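# Overview (structure and organization)
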Amino acid sequence: ECVRGEARATRLAMSEADDRAFRRDDDAMVVVLVHGFGGWSREEMGGKFFYWGANSDLASELMGTNSSLRLLTASVGPFSSVWDRAIELFYQIKGGRVDYGKIHAHAHKHERYGRSFPGLYPEWSESRPVHLLGHSMGGLTARALVQLLRFHGRDREEEDVFGQLDFSETISERWVKSVTTVACPHDGSPLLSVMQDFDLMDLSFQGTSFLAEAAGRKMQPDESQHFDLKLDQWGLKPQQEQETWREYRERVASSKVWKEKPRDLCHHDLSLEGAAELNSWVEESPLVFYFSLSSCTTYQDPFSFGEAFLPLLSTNPMFVGPGTFLGCASRGGNRLCPKIDRSWRSNDGLVSTISTRWPSLCYKSSSNDQLVTLPSLPLTSQDWQLSSRATEVVDVSNGEEAAKFGKRGFLWWREKKVSSSSEIRAGVWNYLGQMTDLDHLACIGWNFGWGGVGGLLPRSWSWEAKEFYLDLLDFLRQAT
């Protein structure tokens, strides 16, 4: 039975596919933009406010400058787990009905099947691979998708979650040419772990519940939602055609997700513990290029003798509080969680800079020193212990900044226009440098710092996301 939520998702996906139909040539560079926590599609928010670019549609602007470039903006569950998001991303690109896997769905007590999509890029295959560019949690999603393509989900003793579709060729990681992460919490964010320590997760679940009630409601019969939670697997489908507002509210309020607080949501995967768990089973494919860009919007407080980090004036006001908290965070470590010290305090307002570089933490078995490969196991397993991850890294930037507030473009690449091709390799993390003085959302074009809102800084003191990403895409084309 086709529910209203699935029908809407189909229409939105078809509109994006039709909008880009003229770019379906074999020579086009196909890049899939994957949003992070709390993200939305281009059609949501009334089609006037965008995740990529805020007040301007960054994806459209980038495509308008290059006829051989095709950008697809994916829209996966904004609060879903990395596993669920990765599965949704596959079906949204290729087409088909989302299958989270029988074992996975049973373990986490949610529905196995999700929405159906016609496919943003149905011809996706080994001969027509894509580049995945993920911001924040979108980077984790992209990494997990490559792992699933590589092993069809059997990594977790899962049945083949892609096996229901009849493809002309075998699915493999060769379907992805590169993964690029921007401000990605590879090792999680201390904010989530501290919220769990102080039992603040109830507050976040209550907030999401309120958002679910408000966002899912129909405004007009033919009007799309302002924000779609995409939590259909948890029974939080949008309001149906014949459903009254009272019935809808009762259905949302009775959802098991608010009562059971399952681990199969973003709050776990974004914590330090959840990220280490993810890093244990999501590996680097030797056939895929991995690139990362770290982010920072803080400076060392001289009055604390360099121990604390404070947000810069250009920081988005909504990140000043979290950024200040992270800048002085301290927490003892244990066998399951790392010690939070000075090395974690430099941040972009939401995520510690050290976490945005590359994955460095994982869990191993204390009995045989083997990586823990089943993230569905309880985190309290007595056989688990935190360990440094054997991540191979190549600093392609040679210590130079990738971007900086007040400067234009992909800095070191724009100056040299030559990549260290001999250094760039598949299967390792190629570090592209730090995006300096840019907060978590400024990295994708949200210029809402004090300079943009209060007018306290000259307009010339800004950062143009369009110029940076044009350079970045040019780099990816040449480097891979």
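Structure shown above.
Position labels on residues start from 1 in each chain and follow its written sequence. Where totals are concerned, whole chains, interfaces and linings use all residues; where local detail is concerned, this predicted model gives features only for residues with pLDDT of at least 70, and gives and counts side-chain atom pairs only at 80 or more. Only hydrogens and water are removed before side-chain values are computed, so all heavy atoms of the structure are retained for them.

The next thing to look at is the overall build of the protein chain. Counting from the N terminus, the helices are DSSP H or I runs at least four residues long and the strands are E runs at least two residues long. Tallying secondary structure elements over the protein chain gives 15 helices and 14 strands in all. In this scheme, a residue with accessible area under 20% of its type's maximum is buried, one over 50% is exposed, and one in between is partly exposed, where area comes from a 1.4 Å probe on protein chains only. Looking at the 480 residues of the protein chain, the share that counts as buried comes to 58%. Of the roughly 19,300 Å² of accessible surface on the protein chain, a fraction of 53% belongs to carbon and sulfur atoms. Note on areas: Shrake-Rupley with a 1.4 Å probe; residue coverage comes only from the protein chains shown.

Moving on, we get to the pattern of salt bridges. One speaks of a salt bridge when a side-chain nitrogen belonging to Lys or Arg is within 4 Å of a carboxyl oxygen belonging to Asp or Glu. Scanning the model with the defined rule gives 18 salt bridges in all. Put simply, D228 and R115 hold a salt bridge, and the shortest N to O gap is 2.7 Å. Here R115 lies in strand 4 (residues 113-117) and D228 lies in the loop between helix 7 (201-216) and helix 8 (245-253), a separation of 113 residues in the sequence. You'll find D228 and R115 in the same group, each marked buried. Note that K404 is salt-bridged to D437, the shortest N-O span being 3.0 Å. In this pair, K404 sits in strand 13 (residues 403-404) while D437 sits in the loop between strand 14 (429-436) and helix 14 (450-453), placing the two residues 33 residues apart along the sequence.

All right, on to the environment of E88 then. Mapped onto the elements of the fold, E88 is located in helix 3 (residues 82-94). Exposure remark for E88: the relative accessible area of 6% places this residue in the buried category. As for E88 and F117, which are separated by 29 residues in sequence, their C-alpha atoms are 9.3 Å apart. The contact rule is simple, with two residues in contact once any of their heavy atoms fall within 4.5 Å. When sequence neighbours within four positions are dropped, the list of residues in contact with E88 reads V76, G77, S80, V98, Y100, K230 and Q233. Within the structure, E88 has its side chain in polar contact with the side chain of Y100 (distance 2.6 Å). Two N or O atoms form a polar contact when they lie within 3.5 Å of each other; inside protein one atom must be a possible hydrogen donor and the other a possible acceptor, and for residues adjacent in sequence the pair counts only when both atoms belong to side chains.

Here we take up the state of the cysteines. Whenever a pair of cysteine sulfur atoms sits within 2.5 Å, that pair is classed as a disulfide. Under the counting rule described, the total for this entry stands at zero disulfides. The thiol sulfur of C296 is not disulfide-bonded, and the nearest other cysteine sulfur, from C443, lies at 9.9 Å. Taking relative accessible area as the criterion, C296 reaches 6% and is therefore assigned buried.

For strand 14, the buried fraction is high: seven of the eight residues fall into the buried class. Should DSSP find at least two bridges between two strands, the strands are taken to pair. Note: strand 12 (residues 393-395) against strand 14, three bridges, orientation parallel. Bridging from a neighbouring strand, V393 pairs with W429 of strand 14. Bridge count between strand 13 and strand 14: two bridges; the pairing is parallel.

Looking now at the nonpolar core. Membership of the largest hydrophobic core comes to 104 residues, with the highest contact counts inside it found for W124, L132, Y469 and F475. Residue contacts for W124: discarding those within four places in its chain leaves F90, I93, K94, P129, V130, L145, L149, W175 and V176. The next biggest cluster of nonpolar side chains, apart from the first, holds 10 residues, and it includes A276, I340, W344 and W384. Only buried residues count toward a nonpolar core, which is a set of Ala, Val, Leu, Ile, Met, Phe, Trp, Tyr and Cys residues joined through side-chain atoms within 4.5 Å.

Before going further, it helps to examine helix 3. Between the first and last residue of a helix there are one fewer steps than residues, each counted as 1.5 Å, and that sum is the expected span. For helix 3, with 13 residues, the first-to-last C-alpha span of 18 Å sits near the 18 Å given by 1.5 Å per residue. Counting buried positions over the 13 residues of helix 3 gives 13, a clear majority of the element. G95 occupies a position one or two residues after helix 3 and carries a positive phi of about 105°.

Turning our attention to the packing of aromatic side chains. Pairing of aromatic rings covers Phe, Tyr and the six-membered ring of Trp, with a centre-to-centre limit of 6.5 Å; geometry is then stacked below 30 degrees between planes, edge-to-face above 60, and tilted otherwise. Enumeration according to the criterion identifies 21 aromatic pairs in this entry. Taking the centre distance of 5.5 Å and the plane angle of 50° together, the rings of F90 and W124 count as tilted. Separated by 34 residues along the polypeptide, F90 in helix 3 and W124 in the loop between strand 4 and strand 5 (130-135) bring together distant segments of the chain. Taking the relative accessible area as the measure of exposure, F90 reaches 0% and is therefore buried. Exposure remark for W124: the relative accessible area of 0% places this residue in the buried category. An aromatic cluster of at least three residues, connected via ring pairs, comprises F289, F291, F410, W412, W413, F468, Y469 and F475.

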